[in-house]
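Architecture at a glance
The primary structure of each chain is shown beneath.
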Amino acid sequence: MRVVNTLGPKATDSYAAALNIPGEEENEIVLHDNFDDIIANLEQYQGEYLLIPAAYQSKQKDFGWRELSYEYWDRLVIEQVFHHALKPMVLISNFDFHQNKAIIHPATTNLLNHYLKEQQLTMPIHYAGSKASAYERFVANKYRFTIVSEDVMEENNPYQIIKRYLPEMVWCLYFIK
């Protein structure tokens, strides 16, 4: 059985993709709070696997899938690349916000920036390790905007859906040397 490290919680696209890795191999899925911690501690996961989307973007400015591929070329071996669509995502607004800020996963920054530019808005953007954790913080701290997987939203919530996104995704399963 191979051990596959990816982003949690179970509400993430990463978990859904891990459940759908093509092939006959059985996988033990280990969920983490963010990809950055996995990458920073690769030596702890030698002999295991990392499942990451091509859209991976770190909280660290200017570090994403491209930089990961170049910087860790000697520690990560691509075992498999496959397509698995992301869950529908939504940009939501809280009209009863207490913080005129946004909380998002770093990979959705371009989507939010495009909307803010369209609306001629500027505001601080905070980052969470996953869209699911961004939603939790959005609700708890009464942020103005977030972008989340639509299925994590509670029914009868007070938020307005501003935009809906249906992106495709390519996933990379790496063996960690």
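Now for the packing of aromatic side chains. This structure, assessed with the given rule, holds seven aromatic pairs. Where Tyr 115 meets Phe 145, the ring centres are 5.6 Å apart and the plane angle is 70°; that geometry is what we call edge-to-face. With Tyr 115 in helix 4 (residues 109–118) and Phe 145 in strand 8 (residues 143–149), this residue pair connects regions lying 30 residues apart in the sequence. Taking the relative accessible area as the measure of exposure, Tyr 115 reaches 9% and is therefore buried. Arranged with centres 6.3 Å apart and planes meeting at 25°, the rings of Tyr 135 and Phe 138 form a pair that is stacked. One end of the pair is Tyr 135 and the other is Phe 138, both in helix 5 (residues 131–141) and three residues apart, which spans about a single turn. Both residues of the pair, Tyr 135 and Phe 138, count as buried.

Attention shifts here to the sheet that holds strand 4 (residues 76–83). One open sheet holds the five strands; their spatial order is 2-1-3-10-4, and the pairing between them is mixed. Both edges of this open sheet fall to strand 2 (27–32) and strand 4, since each of them pairs with a single strand only. Between one strand axis and the next, the sheet turns through 25° on average, direction left out of account. Sheet topology note: the strand 4/strand 10 (residues 170–176) ladder contains seven bridges and is antiparallel. Bridging from a neighbouring strand, Gln 80 pairs with Leu 173 of strand 10.

Attention now goes to unusual backbone geometry. Going from Gly 8 to Pro 9, the amide bond is cis rather than trans, its omega being 5°. Tracing the sequence through the fold places Pro 9 in the loop between strand 1 (2–7) and helix 1 (13–18). Phi is positive for Gln 120, close to 55°, though the residue is something other than glycine. With respect to the element layout, Gln 120 can be found in the loop between helix 4 and strand 7 (125–127). One non-glycine residue, Asn 156, adopts positive backbone phi at about 55°.

As a further point, take the sheet that holds strand 7. Spatially, 7-6-8-5-9 is the arrangement adopted by the five strands of the open sheet, whose pairing is mixed. With partners counted over all chains shown, the strands left at the sheet margins are strand 7 and strand 9 (160–165), one partner each. The sheet shows a mean angle of 25° between the axes of neighbouring strands, direction not considered. Of the strand pairs in this sheet, strand 5 (residues 89–93) and strand 8 are connected by five bridges, and their pairing is antiparallel. The residue of strand 8 that forms the bridge with Ile 92 is Thr 146. Against the sheet, helix 4 contacts strand 5, strand 6 (99–104), strand 7, strand 8 and strand 9, and its axis sits at roughly 135° relative to strand 8. Against the sheet, helix 5 engages strand 5, strand 6, strand 7 and strand 8, with an angle of about 155° to strand 8.

Following the criterion strictly, the structure yields eight salt bridges and no others. For Asp 96, the salt bridge identified is with Lys 142, shortest N-O distance 3.4 Å. With Asp 96 in the loop between strand 5 and strand 6 and Lys 142 in the loop between helix 5 and strand 8, this residue pair connects regions lying 46 residues apart in the sequence.

Glancing now at the nonpolar core. Counting 16 residues, the largest nonpolar core has Phe 35, Leu 50, Ile 52, Leu 68 and Leu 76 as the members making the most contacts within it. Those elements giving two or more residues to this core turn out to be helix 2 (35–40), strand 3 (49–53) and strand 10. Beyond its immediate stretch of four places on either side in the chain, Leu 50 contacts Asn 5, Phe 35, Ile 38, Leu 76, Cys 172, Leu 173, Tyr 174 and Ile 176. Grouped together as the second largest cluster of nonpolar side chains are 12 residues, Val 90, Ile 92, Ile 103 and Val 148 included.

Moving on, we get to a nonpolar patch on the surface. Together, Ile 78, Val 81 and Val 170 line one region of the surface with nonpolar side chains, adding up to about 240 Å² of accessible area. Inspection of the secondary structure puts Ile 78 in strand 4. Owing to a relative accessible area of 45%, Ile 78 belongs among the partly exposed residues under this scheme.

Calculation rules
Residues numbered from 1 in each chain as written. Predicted model: local features only at pLDDT ≥ 70, side-chain atom pairs only at ≥ 80, totals over all residues. Heavy atoms only, no water. Phe/Tyr/Trp six-rings, centres within 6.5 Å; stacked < 30°, edge-to-face > 60°. Helix = DSSP H or I, 4+ residues; strand = E, 2+ residues; numbered from the N terminus. Buried < 20%, exposed > 50% of the residue type's maximum accessible area, 1.4 Å probe, protein only. Pairing = 2+ DSSP bridges. Axes fitted to C-alpha atoms, helices over the stretch in contact; angles between N-to-C directions. Contact = heavy atoms within 4.5 Å. Salt bridge = Lys/Arg side-chain N within 4 Å of Asp/Glu carboxyl O. Core = buried A, V, L, I, M, F, W, Y, C linked by side-chain atoms within 4.5 Å. Patch = residues over 30% accessible without salt bridge, like charges linked within 9 Å, V, L, I, M, F, W, Y side chains within 5 Å. Areas by Shrake-Rupley, 256 points an atom, 1.4 Å probe, with all protein chains shown as cover.

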